[in-house]
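Observations on chain architecture
Chain by chain, the residues:
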Amino acid sequence: MGETVRRACGGWRIAAAALAGVAGFALCSPVQADAQPAPITIALVTSLTGPAGTESAGDPATFEARIDLQNAHGGVDGHKLVPLVIDDQTSPTGVESAVNDAISKGALGIVAVSPVFFLGAKEAQQAGVPVTGTYSDGPEWGTPPYTNMFASDEGSENPKDPVNTLEGTILRHFGAKVLGTYGYSISPSSTHGAIESADSFKHAGGQAPVVDTSLPYGSVNFGSVALVAKQAHVNAIFPAMQDSSNFALAQALEQAGVQLKAAVYLSGLGPGVVHSPAWGSLQGGYFGSIFRPFSLPNAGTRGMQAALERYAHWSSTGFPTLYQYESWAGADLMITGLQLAGNDPTRAKVITALRGVKAYDANGLLPHPLDYATTFGHDPPQQCIWVLRAQKNGFVPTQSQPFCGTDIAGTAVATSS
């Protein structure tokens, strides 16, 4: 991203970092000293209440910290950035209202970190608003006409949702033999995630007799589900659900006497779960992170940590949840688009600028650079995650490098589910 940032700053040198380790961020000095450019509003649409509220409650802190960091170095070409946080209540009607609220209040861009954003994406697209954030809510991130959307974690989404070797590789590495996968019926990404994990594992030579995509959103009652898993001799799970459901599933399986060799979760990594009531049932489980863990520090993690300590008053031992990473990265990518759009950015200019970005890695937080110029509607060449294990007093990386996988030719979960 370095060359991109240099062009965006119009030749200005990156400001000296006031925080240890933040020199890699695009923190440009203002270009005007006489006139005060108009402030720019960036909205975060996330789920602070409703079923996803417990998982997303900390999102505003990292979103606002990234904006505070930018403002401390002159904003973007002298424009002060104004954060606007809007709760979609994890609701189909709430998310539409949230997006319309952001538009009516003049937000130049939206950072979407919500499991139901796919139900409000049309409003943003029709208004020509650039959207960054997490692709995990649905396939609209790579589906025409949503070329205004830029997933800051994955780049784009292939609407056919091909099966990837990643899940199977991880599960076999940790000794899985018989897999159970679980997803919400209302969520396309959750349903497809459960099916894809099962197909990936079968491609790797495993068995996947339990693929349950009938669960209501936010389910925490898994008594009967656990019995089915026990009868099928399940010894591994790879659920595609939010934290509260994943943790309740782990507890139910333990109570039913299901012995898990490999429980892999793609959410739940965060300090709040350590020594929580569910912690005992999660011991030995594996937690994936698409973003580099703070326990494997580099310039990106050190810069983010320093900003969180200064602007969000985090402790030096804190580390982000998945959605807190997503909120930070979404804000960071939107700032990159603003910088590339010139000293008078508009929604259309930001969209055009972001579509020209060929190498974005959130200053090293992502395992590989994302190319927004050529990948709309396609998966990146590799999908990679770091894997950490829940041990007695916290999460420990299983290895320093992420696990990676590639799409399996000829597969398409979306057309078979």
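Relevant structure appears above.
As a starting point, this report considers the structure included with it. (Residues numbered from 1 in each chain as written. Predicted model: local features only at pLDDT ≥ 70, side-chain atom pairs only at ≥ 80, totals over all residues. Heavy atoms only, no water.)

Now for the packing of aromatic side chains. The final tally for this structure, using the stated rule, is 11 aromatic pairs. Seen from their ring centres, Phe319 and Phe395 are 6.3 Å apart, and the 85 degrees between their planes marks the pair as edge-to-face. With Phe319 in the loop between α11 (299-311) and α12 (322-340) and Phe395 in strand β12 (residues 394-397), the pair connects residues that are 76 residues apart, well separated along the chain. Ring centres of Tyr360 and Tyr372 lie 6.4 Å apart, and the angle between their planes is 50 degrees; on these two criteria the pair is classed as tilted. Placement of Tyr360 in the loop between α13 (347-354) and β11 (383-391) and of Tyr372 in the loop between α13 and β11 is noted, with a sequence separation of 12 residues between them. Exposure class is identical for Tyr360 and Tyr372. Each is buried. Put simply, the rings of Tyr265, Trp279, Phe287, Phe319 and Phe395 pair up and form one aromatic cluster. (Phe/Tyr/Trp six-rings, centres within 6.5 Å; stacked < 30°, edge-to-face > 60°. Helix = DSSP H or I, 4+ residues; strand = E, 2+ residues; numbered from the N terminus. Buried < 20%, exposed > 50% of the residue type's maximum accessible area, 1.4 Å probe, protein only.)

Right, let's get into the state of the cysteines. This model, assessed by the stated rule, comprises 1 disulfide. Here Cys384 engages in a disulfide with Cys404; their sulfurs sit 2.1 Å apart. The chirality of the disulfide connecting Cys384 with Cys404 is right-handed, given an S-S dihedral of about 110 degrees. You can see Cys384 sitting in strand β11 and its partner Cys404 sitting in strand β13 (residues 403-405), a full 20 residues away along the chain. Given a relative accessible area of 29%, Cys404 falls into the partly exposed group. (Disulfide = S-S within 2.5 Å.)

Across the 9 residues of β11, 7 count as buried, placing the element largely inside the fold. Note: strand β10 (residues 286-289) against β11, 4 bridges, orientation antiparallel. Opposite Gly288, over in β11, you have Val387 as the bridge partner. Taken together, the 3 bridges between β11 and β13 define a ladder with antiparallel strand orientation. (Pairing = 2+ DSSP bridges.)

Enumeration over the complete set of coordinates arrives at 3 salt bridges. A salt bridge links Asp332 to Arg66; its shortest N-O distance comes to 2.9 Å. Here the residue Asp332 occupies a position in helix α12, and Arg66 occupies one in helix α3 (residues 59-71), the gap between them amounting to 266 residues. As far as the burial class goes, Asp332 and Arg66 line up, both buried. The salt bridge partner of Asp199 is Lys202, with a shortest N-O separation of 3.6 Å. Linking Asp199 with Lys202, this pair stays in helix α7 (residues 188-203), spanning 3 residues, or about one helical turn. (Salt bridge = Lys/Arg side-chain N within 4 Å of Asp/Glu carboxyl O.)

Note that an α-helix has 3.6 residues per turn; residues three or four places apart therefore point the same way. In this model, helix α4 (residues 92-104) (13 residues) spans 19 Å end to end at C-alpha, consistent with the 18 Å of a helix rising 1.5 Å per residue. Regarding α4, the residues found buried are Gly94, Val95, Ala98, Val99 and Ala102. For α4, the angular spread of the buried residues around the axis is 135 degrees, confining them to a single face. Pointing more than 90 degrees away from the buried face of α4 are the exposed residues Thr93 and Ser104. Tucked into the core, α4 has its buried residues touching β1 (40-46), β2 (81-87), β3 (109-113) and α5 (121-126). (Expected span 1.5 Å × (residues − 1). Arc of directions from axis to C-beta. Contact = heavy atoms within 4.5 Å.)

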